[in-house]
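# Architecture at a glance
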Amino acid sequence: MKQVYKNIKSLMGVYDAPVERLKGLEMAIVPSIDNAFLVVEDGKIADFGEMARFDVSSYGDATVSDLSGQYVFPAFADSHTHIVYAGSRELEYEDKIRGLSYAEIAKRGGGILNSADLLRRTSEDDLYEMAMERLMRCVEGGTAAMEIKSGYGLSTVDELKMLRVIRRMKENAPIVVKSNFLAAHAFPREYLTNHDGYVDLIVNEMIPQVAAEDLADFVDVFCDEGFFTVPQTERILRAGVEHSMRPKIHANELALSGGVQIGVKYGALSVDHLEHVGIDERNALRDSKTMATVLPGAAFFLGMNYAPAREMINDGLAVAVASDYNPGSSPSASMKFVLSLASIKMRLLPVEALNAATVNGACAMGLAGEYGQIVKGLKANFVITKPMPSYAYFPYAYTENLIDKVVINK
């Protein structure tokens, strides 16, 4: 079956061959074709080009859509989410308004531990239904690939429960899903005075069982002030690598934690958050294949300083943006709003933010060259906007619903 889209105001993110990542000055360029056409056949990109060479008679009985005034760009690759959770945390939202910090809420047993308490009381089926509803909101907002993390179980049985939910989502979701084992998200109540004992549990019991059921693509650690130390992180990453899980890191959200450097040392696909980044961190990333992934939704919601994404790009680094969709620090499915924050608060040009959420987002979740771009032969995953005066209007009008249609082919 063929679908033809004609008179596209601008077809963005088009390449002659797949691109793995974009860094530095490359991020300010989105190859585009104005007044374009696009052909999809059997779920893949079959052809595209300028309308001047378009001949509708060449496409037989194809369905033809006229997109006059509308933009088309690659669907988002959201490389950092926590959408398997049991309930919201709006009471903590009130605590934040009263002035308590994320770290202060966590120290008194709130935050992630509240989510763990709720999740442990919730069945796998209920978790699956709730998470799939959230995932579909993301799809409606233009997401075609997503990484989902565990980390609200904090016990062997409940982390496995979360990962089995994510496996079901992989099987049934209309988009590509990657799974991330994040038991090292916080220390559970029963290990609050025995942190190394919890690391022992992760390394000696959880990781072997996760690997035996092939439940996780990645292993992750929250390496930050008040959470997991660099030596603890290294133990967990080493064990994950030994069981064929690619490392990722939650790093430097709260302080200069050493998380970036340990992530680079172990070949992490990405280091995420990065609200605190200095020259040592930038130097470590510059000579690596590790993606610097920033999460402006979390900084916005928590009232924290934003990651220095502008400076990192100026330094020649590759930067991705992701939603961090979760109940405690970024309760939003909107990648459109993430793009707006990246531009308004992090000073990324609109096209830099788009590249960060597409090409680089795909790279950050092990899908480099497969998603986040429009290339002949790749699966057709793209966003069709409503008529707009320019692409910059998309993040500029930050509360306006500008998505007309999302085309997804898993």
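Preceding this section is the structure that the text describes.
Residues numbered from 1 in each chain as written. Predicted model: local features only at pLDDT ≥ 70, side-chain atom pairs only at ≥ 80, totals over all residues. Heavy atoms only, no water.

### Side note on the overall build of the protein chain
Looking only at helices and strands, the protein chain has 15 helices and 15 strands in total. Its C-alpha atoms give the protein chain a radius of gyration of 21 Å, near enough to 22 Å, the size a compact globule of 410 residues would have. Once the C-alpha set of the protein chain is aligned to its principal axes, its extents read approximately 70 × 45 × 40 Å. Residues classed as buried in the protein chain amount to 61% of the 410 residues present. Taking the contacts inside the protein chain whose residues are at least 6 apart along the sequence as the reference set, 73% of them involve residues at least 24 apart. For the protein chain, the accessible area works out to roughly 15600 Å², and carbon and sulfur atoms hold 50% of it. Side chains of the protein chain carry 41 positive and 53 negative charges; the gap between the two charge centres is 1 Å. (Helix = DSSP H or I, 4+ residues; strand = E, 2+ residues; numbered from the N terminus. Rg over C-alpha atoms; globule rule 2.2 N^0.38 Å. Buried < 20%, exposed > 50% of the residue type's maximum accessible area, 1.4 Å probe, protein only. Contact = heavy atoms within 4.5 Å. Areas by Shrake-Rupley, 256 points an atom, 1.4 Å probe, with all protein chains shown as cover. Lys, Arg positive; Asp, Glu negative; His and termini not counted. Charge placed at Lys NZ, Arg CZ, Asp CG, Glu CD.)

### Some thoughts on helix α3 (residues 112-120)
Residues Ile112, Leu113, Ser115, Ala116 and Leu119 constitute the buried set of α3. On an axial view of α3, the arc spanned by its buried residues comes to 155°, and they lie on one face. (Arc of directions from axis to C-beta.)

### Focus on the environment of Arg235
Following the sequence through the fold, Arg235 ends up in helix α7 (residues 230-242). Look at Arg235 and you get partly exposed, because its relative accessible area is 30%. Between the C-alpha atom of Arg235 and that of Val199, which follows or precedes it by 36 residues, the distance is 7.9 Å. Sequence-distant contacts of Arg235, that is, excluding residues within four places in its chain, are made with Asp196, Val199, Asp200 and Val203.

### Considering the pairing of strand β11 (residues 270-273)
Taken together, the three bridges between strand β10 (residues 246-251) and β11 define a ladder with parallel strand orientation. When the sheet's bridge partners are listed, Ile249 is paired in β11 with Val271. In this view, the connection linking β10 to its parallel neighbour β11 by way of helix α8 (residues 259-265) has right-handed handedness. Strand direction decides the pairing type here: β11 and strand β12 (residues 291-294), joined by four bridges, are parallel. Across the sheet, His273 pairs through a bridge with Val294, a residue of β12. Chirality of the crossover, the property in question, places the unit of β11, helix α9 (residues 279-286) and β12 among those that are right-handed. (Pairing = 2+ DSSP bridges. Right-handed = clockwise from strand over helix to strand, strands pointing away.)

### Concerning the environment of His250
Turning to its location among the elements, His250 is positioned in strand β10. Spatially, the C-alpha atom of His250 lies 13 Å from that of Thr290, the residues being 40 residues apart in sequence. If near-sequence neighbours (up to four positions away) are discounted, His250 is found in contact with His80, His82, Lys149, Leu182, Asp220, Val221, Phe222, Cys223, Asp272 and His273. Within the local environment of His250, its side chain forms a polar contact with the side chain of His80, the two groups lying 3.2 Å apart. (Polar contact = N/O pair within 3.5 Å; in protein donor to acceptor, adjacent residues only side chain to side chain.)

### Focus on the sheet that holds β12
Ordered in space as β6-β7-β8-β9-β10-β11-β12-β13, the eight strands form an open sheet in which the pairing is parallel. Unpaired on one side and paired on the other, β6 (76-81) and β13 (319-321) mark the two borders of the sheet. The sheet shows a mean angle of 25° between the axes of neighbouring strands, direction not considered. Where β12 lies against β13, three bridges are found, and the strand directions are parallel. From the neighbouring strand, Ala292 faces β13, where its bridge partner is Val319. Packing of helix α5 (residues 156-172) onto the sheet brings it into contact with β7 (143-149) and β8 (176-184), and relative to β8 it is tilted by some 175°. The strands touched by α7 within the sheet are β8, β9 (218-223) and β10, with β9 carrying the most contacts at an inclination of about 175°. (Axes fitted to C-alpha atoms, helices over the stretch in contact; angles between N-to-C directions.)

### A short note on the packing of aromatic side chains
Under the criterion given, the structure shown has 15 aromatic pairs. Ring geometry for Phe54 and Tyr59: centres 5.8 Å apart, planes at 15°, overall stacked. The same class applies to Phe54 and to Tyr59, which are both buried. Aromatic side chains Phe187 and Tyr198 sit 6.2 Å apart centroid to centroid with 70° between the ring planes, which places their arrangement in the edge-to-face category. Here the residue Phe187 occupies a position in the loop between β8 and α6 (195-212), and Tyr198 occupies one in helix α6, the gap between them amounting to eleven residues. (Phe/Tyr/Trp six-rings, centres within 6.5 Å; stacked < 30°, edge-to-face > 60°.)

### A short note on the pairing of β9
Counting buried positions along β9 gives six out of six residues, so the element sits mostly inside the fold. Of the two faces of β9, the one lined by Phe218, Asp220 and Phe222 and the one lined by Val219, Val221 and Cys223 are each fully buried. Bridging between β8 and β9 involves three bridges; their strand directions are parallel. Counted as the bridge partner of Ala184 is Val221 from β9. With respect to chirality, the unit in which β8 leads through α6 into the neighbouring parallel β9 is right-handed. Bridging between β9 and β10 involves six bridges; their strand directions are parallel. Across the sheet, Asp220 pairs through a bridge with Lys248, a residue of β10. With respect to chirality, the unit in which β9 leads through α7 into the neighbouring parallel β10 is right-handed.

### What to know about the pattern of salt bridges
Throughout the structure, instances matching the rule amount to 22 salt bridges. Residues Arg189 and Asp117 are paired through a salt bridge, measuring 2.6 Å at the closest nitrogen-oxygen approach. In this pair, Arg189 sits in the loop between β8 and α6 while Asp117 sits in helix α3, placing the two residues 72 residues apart along the sequence. Given the relative accessible area of 26%, Asp117 is considered partly exposed. Its salt-bridge partner being Glu124, residue Arg168 comes within 3.9 Å of it at the nearest N-O pair. Here Glu124 lies in helix α4 (residues 124-140) and Arg168 lies in helix α5, a separation of 44 residues in the sequence. Among the residues examined, Glu124 registers a relative accessible area of 25% and is labelled partly exposed. Bridged by salt links that share partners, the residues Arg120, Asp158, Lys161 and Glu190 form one connected network. (Salt bridge = Lys/Arg side-chain N within 4 Å of Asp/Glu carboxyl O.)

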